[in-house]
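Understanding the architecture of this molecule
Next come the chains, spelled out residue by residue.
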Amino acid sequence: MSQTLTETGRGRTGDKVFSGLTLAAGCLILFVLFCVAAFLLWQALPTFGADPSAISGGNGFWAYIWPIVIGTLIAAAIALVLATPVGVGVALFISHYAPRRLAQGLGYVVDLLAAIPSVVYGAWGIAVLAPALVGPYTWLAENAGWIPIFEGPASQTGKTMLTAGIVLSVMILPIITSLSREIFLQAPKLHEEAALAMGATRWEMIKMAVFPFARPGVISAVMLGLGRALGETMAVAMVLSGGGLIASLIKSGNQTIAAEVALNFPEAYGLRLSELIAAGLVLFVITLAVNMIARWIISRHKEFSGAN
């Protein structure tokens, strides 16, 4: 009896220690996040109070930052539009259609793609993808140039916003695929078997049982990919010939916040350094807003899956 009480006391002590450590870890994350935000805001204050004519472009900070904010959102949107259907489709093939051995092999390959450094993707984009897209861009400018996003003349180097978006889509594809695959595999087997027993085809079963359950997880995967696309630096800086904001995606121009900071930070000092830190603060706020919106969306669709 005493031994049982002793073991129970030890278990409670262990629970208290573990609970305290997890609480400390959570508080540490919040503290680090607060410190980052405070540092960015403190270093960016000179920019907000400076004479607008002293800011790059001569029209004030907001006139300087809005074009690259829009460029950042455009690049991330292109990446999501291209990567989301492909990633979800590949995940669905691995989890419900592919033979077991093939599914395991594809899963390993997808996981390995997620570990490739961004500079490798950038090197592939500038050495292989960009030159290969010059021809298609020229064709688009000649045959679809009446559409603003395909207005010519097309870039002869292929280093455009569309190229940057394609590279970003390849980079976030493993993230969306891996997480979506795990969510699809966790779909309740009883729901799937019940749908099949009622005469549903495999695709109808997936629509009725798998997709509703996996919706919050897929949204989380997409938002995680969006976070990487928003903050990606080296790959975009390597495959994009930055410039002023333009509507065309196949001409040289446009810029993202991360690439703007990376390309100019080494030589920046004084007010220019504050400008770049202020740009980083704006990107920080955008990323935080995206995560909050993602949490709100997930909370609206968690009833079916029972997510907390």
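Please read these numbers as outputs of a predicted model, since none were measured by experiment.

Looking only at helices and strands, the chain features ten helices and zero strands. Starting at the N terminus, the α and β elements of the chain follow one another as α-α-α-α-α-α-α-α-α-α. With the principal axes as the frame, the chain shows a C-alpha extent of 80 × 50 × 35 Å. Pairs at least 24 apart in sequence give 77% of the contacts found in the chain among residues at least 6 apart. Total accessible area on the chain stands at roughly 16800 Å², and carbon and sulfur atoms take up 70% of it. For the chain, the distance from the average position of its 17 positive side-chain charges to the average position of its 15 negative side-chain charges is 10 Å.

The subject of this paragraph is helix 4 (residues 118–143). Its maximal kink placed at glycine 125, helix 4 deviates by approximately 45 degrees. For helix 4, the complete set of buried residues consists of Ser118, Tyr121, Gly122, Gly125, Leu129, Ala130, Leu133, Val134, Tyr137, Leu140 and Ala141.

What follows is about the nonpolar core. Counting residues in hydrophobic clusters, the biggest one holds 73 residues, and the most contacted among them are Ile65, Phe184, Ile250 and Ile257. Secondary structure elements with two or more residues in this core: helix 1 (2–48), helix 2 (61–97), helix 4, helix 5 (161–185), helix 7 (202–231), helix 8 (234–239), helix 9 (257–264) and helix 10 (271–300). Take this core: its biggest share by element is 14 residues, from helix 2. The residues touching isoleucine 65, leaving out its near neighbours within four places in the chain, are Ala279 and Val282.

Moving on, we get to the environment of alanine 278. Position of alanine 278 relative to the elements: it lies in helix 10. Judged by its relative accessible area of 0%, alanine 278 is buried. Each C-alpha atom of the pair alanine 278 and leucine 113 lies 33 Å from the other, and the pair is 165 residues apart in sequence.

For the structure shown, the criterion picks out seven aromatic pairs. When the ring of tryptophan 203 is compared with that of phenylalanine 211, the centres are 5.8 Å apart and the planes differ by 85 degrees; the resulting orientation is edge-to-face. Chaining the aromatic ring pairs together yields one cluster made of Phe48, Phe61, Trp62, Tyr64 and Trp66.

Thresholds applied
- Residues numbered from 1 in each chain as written.
- Predicted model: local features only at pLDDT ≥ 70, side-chain atom pairs only at ≥ 80, totals over all residues.
- Heavy atoms only, no water.
- Helix = DSSP H or I, 4+ residues; strand = E, 2+ residues; numbered from the N terminus.
- Contact = heavy atoms within 4.5 Å.
- Areas by Shrake-Rupley, 256 points an atom, 1.4 Å probe, with all protein chains shown as cover.
- Lys, Arg positive; Asp, Glu negative; His and termini not counted.
- Charge placed at Lys NZ, Arg CZ, Asp CG, Glu CD.
- Bend = angle between axes of the 7 residues up to and from the residue.
- Buried < 20%, exposed > 50% of the residue type's maximum accessible area, 1.4 Å probe, protein only.
- Core = buried A, V, L, I, M, F, W, Y, C linked by side-chain atoms within 4.5 Å.
- Phe/Tyr/Trp six-rings, centres within 6.5 Å; stacked < 30°, edge-to-face > 60°.

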